[in-house]
Amino acid sequence: MQISDFTEEIHIKTFGEDEIVFSEGDFSDSTMYCLLEGAASVCKDRNGSLAEINTIYDGEFFGEIGLIQNVPRLATIRIVSPKAKVAIISKNNFYSIIQKKPSFLFLFLKSARERVFQAESKIVRLLESTGSDVEFDVSKTRIDDWNILGYVNQVSTKTFKNKDIVLDSEEREDEQLHFVIEGMVRVERKAKSGRFYEVNVLTPGELFGNTKNPLEDNYPLRVTAITEPTQTGTLERNMFGKVCQLNPEFLFHVIKTLLWRLHVTEDKISHLVNVDT
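Residues numbered from 1 in each chain as written. Predicted model: local features only at pLDDT ≥ 70, side-chain atom pairs only at ≥ 80, totals over all residues. Heavy atoms only, no water.

**Q** Residues and numbers for the sheet that holds strand β7 (residues 76–79), please.
**A** Taking strand neighbours across the sheet as the criterion, the four strands line up as β2-β7-β4-β5 in an open arrangement whose pairing is antiparallel. This sheet does not close on itself; its edge strands, each paired only once, are β2 (20–22) and β5 (49–56). Mean inter-strand twist for the sheet, computed between neighbouring axes without regard to direction, equals 35 degrees. Of the strand pairs in this sheet, strand β4 (residues 40–46) and β5 are connected by seven bridges, and their pairing is antiparallel. What sits directly across from alanine 40, in β5, is isoleucine 56. (Pairing = 2+ DSSP bridges. Helix = DSSP H or I, 4+ residues; strand = E, 2+ residues; numbered from the N terminus. Axes fitted to C-alpha atoms, helices over the stretch in contact; angles between N-to-C directions.)

In structure tokens, the structure reads:
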């Protein structure tokens, strides 16, 4: 399944190199985008200059928070390939597509999870090179409150004490998805030096676990409880898929929390890039 399967529903525009698709602070107009061809740079304004925090490639979405939350643009998107084709997806387009083809949300979810991993791995590389630390303001790490158990009640749960290891991808091959029910957890990824770096803090309703992306082997995942008690739930991947199919609203909430997590992570990257320069 590719974004091209849905292009009959959306408008496509061609951009040239160095063109700006939108700028940080622009009104979002409840619109998001998908890069069909080419490459684009995600940039944040730091002291009057643009700091590149990520790169977007074919098939990746961007500007999603502007559609879901209708807030000003959180970054500037600049085309860095000779040319690029961009799909422009309005809120009406978005809801029309998911009503006709709910599978679109799975494509959306896959793109969001991969971008979160890319952002987390970039934080690790920057922390290794700068020797800086990064702190996450928990009040800004969540987009809204929602009770995941309202959608999923047949799950295995486990309670942890502060500093307990919840998940270590180096210790076992994990084919499950986990979510925070109560308390908070620290997400860390391992650098090539062998040191673990904090890349995020998760609060109730947020999911974690490997994405089955082979690149994740380069940055092993460790999740630690940072409150007492901390309670998590576990879902088999096939059960997660069934719940999403039966409850598109559940999947939409998962995507919203992932997108906000991506925003928080990219914001930290922009500060680290500023330190590095």
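**Q** Summarise the packing of helix α3 (residues 103–130) against helix α4 (residues 237–246); cite the residues concerned and give the values.
**A** It is at 12 Å that the axes of α3 and α4 come closest, and there the two elements cross at 130 degrees. Relative to α4, α3 is oriented oblique. Residues Phe106, Leu109 and Arg113 of α3 touch α4, and the partners they reach there are Arg237, Phe240, Gly241, Cys244 and Gln245. Class assignment for the residues of the contact of α3 with α4 results in four nonpolar, two polar and two charged. (Parallel < 35°, antiparallel > 145°, perpendicular 65-115°, else oblique. Contact = heavy atoms within 4.5 Å. Nonpolar A, V, L, I, M, F, W, Y, C, P; charged D, E, K, R; others polar.)

**Q** Explain the nonpolar core residue by residue, including any values.
**A** Within the largest apolar cluster, 81 residues are counted, with the highest numbers of intra-cluster contacts made by Phe62, Phe94 and Phe240. Ignoring any residue separated from it by four or fewer positions in sequence, one finds phenylalanine 62 in contact with Val21, Phe22, Met32, Tyr33, Cys34, Leu35, Ile56, Ile77, Val86 and Arg115. (Core = buried A, V, L, I, M, F, W, Y, C linked by side-chain atoms within 4.5 Å. Buried < 20%, exposed > 50% of the residue type's maximum accessible area, 1.4 Å probe, protein only.)

**Q** An account of α4 is requested, with residue identities and associated values reported.
**A** Of all the positions in α4, only Arg237, Phe240, Gly241, Val243 and Cys244 are classed as buried. Here the buried residues of α4 occupy an arc of 165 degrees about the axis, which is enough to place them on one side. Of the residues in α4, the exposed ones pointing more than 90 degrees away from the buried face are Asn238, Gln245 and Leu246. (Arc of directions from axis to C-beta.)

**Q** Can you lay out the environment of valine 243 for me, pointing to particular residues and giving the numbers?
**A** You can see valine 243 is positioned in helix α4. Residue classification places valine 243 among the buried positions, given a relative accessible area of 8%. C-alpha of valine 243 to C-alpha of valine 152: the two residues are 91 residues apart in sequence and 7.3 Å apart in space. Setting aside chain neighbours within four positions, we find valine 243 in contact with Tyr151, Val152 and Phe250.

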